[in-house]
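Chain by chain, the residues run as shown.
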Amino acid sequence: MEKAKIQELIEIAIKQLDYSYVPYSHFHVGAALLAQNGTIYGGCNIENAAYGPTNCAERTAFFKAVSEGVKEFTAICVVGGMNKELTEYAPPCGVCRQVMMEFCNPKEFEIILAVDKEHYEVFLLKDLLPLGFGPGNLEEK
Ligand code: THU
């Protein structure tokens with residue numbers, strides 16, 4: 001992906017940090033999900049007093065898109081840090097990687113981890129979720 005597009009996603013992901021609802025952890029996470037149709041869905045983490053219902057930023061972005069009928073994706077950018085301070089990468093949790101596996105080709109889907117617009121790395125889903133279980137595993141052979 002072009003650097004300019006990556007930087008656009010980073011900027012959008014960082015803006016999402018302001019929307020994070022994190023009264024318990026104070027750990028803000030922002031995501032920007034690029035659909036194949038060009039639309040970018042922002043997402044933030046949303047915590048809950050019962051802890052378990054907490055939704056990660058990545059899944060917020062995916063569920064916004066899927067709930068609007070969009071199911072094909074190119075890349076997601078994720079940023080995060082305590083009190084919005086971005087000092088290191090905030091890699092997606094296992095549950096979020098599994099949600100990516102449901103909708104994305106692991107050999108092509110790109111996960112951009114960033115601390116700012118100049119400091120980022122691009123990973124493929126297949127490398128962050130090796131031997132992942134996906135819809136293909138349930139197809140009759
Ligand atoms: N979190 C995310 O939003 N994405 C991840 O992939 C990892 C964790 C959130 C959940 C919780 O609100 C906070 O980070 C601390 O775990």
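Look up: the structure comes first, before these words.
Reading guide: rules and limits
- Residues numbered from 1 in each chain as written.
- Predicted model: local features only at pLDDT ≥ 70, side-chain atom pairs only at ≥ 80, totals over all residues.
- Heavy atoms only, no water.
- Near = heavy atom within 4 Å.
- Polar contact = N/O pair within 3.5 Å; in protein donor to acceptor, adjacent residues only side chain to side chain.
- Areas by Shrake-Rupley, 256 points an atom, 1.4 Å probe, with all protein chains shown as cover.
- Helix = DSSP H or I, 4+ residues; strand = E, 2+ residues; numbered from the N terminus.
- Core = buried A, V, L, I, M, F, W, Y, C linked by side-chain atoms within 4.5 Å.
- Buried < 20%, exposed > 50% of the residue type's maximum accessible area, 1.4 Å probe, protein only.
- Patch = residues over 30% accessible without salt bridge, like charges linked within 9 Å, V, L, I, M, F, W, Y side chains within 5 Å.
- Salt bridge = Lys/Arg side-chain N within 4 Å of Asp/Glu carboxyl O.
- Contact = heavy atoms within 4.5 Å.

*Asks:* In this structure, what is going on with the site of the ligand? I would like to understand it.
*Replies:* Around the ligand lies a shell formed by Ser25, Phe27, Val29, Asn45, Glu47, Thr54, Cys56, Ala57, Glu58, Pro91, Pro92 and Cys93. Here Glu58 contributes a side-chain N or O atom positioned 2.8 Å from an oxygen atom of the ligand. Cys93 is positioned with one of its backbone polar atoms (N or O) 2.8 Å from an oxygen atom of the ligand. Computed on the free molecule, the ligand has an accessible area of 380 Å², of which 76% lies beneath the protein chains in the complex. Breaking the shell around the ligand down by element, the ones donating at least two residues are strand S1 (27–35) and helix H2 (57–66).

*Asks:* Honestly, the nonpolar core in this entry has me stumped. Any pointers?
*Replies:* The tendency in soluble globular proteins is for nonpolar side chains to be buried as a group. The biggest cluster of nonpolar side chains holds 24 residues, and the ones touching the most others in it are Leu33, Phe62, Phe73, Ile76 and Phe109. Elements supplying a minimum of two residues to this core: S1, H2, strand S3 (73–82), helix H3 (94–103), strand S4 (110–116) and helix H4 (125–128).

*Asks:* Even after reading the chapter, I still don't get a nonpolar patch on the surface, so can you show me in this structure?
*Replies:* On the surface, a nonpolar cluster with roughly 440 Å² of combined accessible area is contributed by Tyr21, Tyr24, Ile46 and Tyr51. Residue position: Tyr51 is located in the loop between strand S2 (40–44) and H2.

*Asks:* Quick question: what am I supposed to make of H2 here?
*Replies:* Side chains of residues three or four places apart in an α-helix project in the same direction, reflecting 3.6 residues per turn. For H2, the tally of buried residues reaches seven of 10 residues, placing the bulk of the element in the interior. Among all positions in H2, only Ala57, Glu58, Arg59, Thr60, Ala61, Phe62 and Ala65 are buried. The elements touched by buried residues of H2 are S1, S2, S3 and H3.

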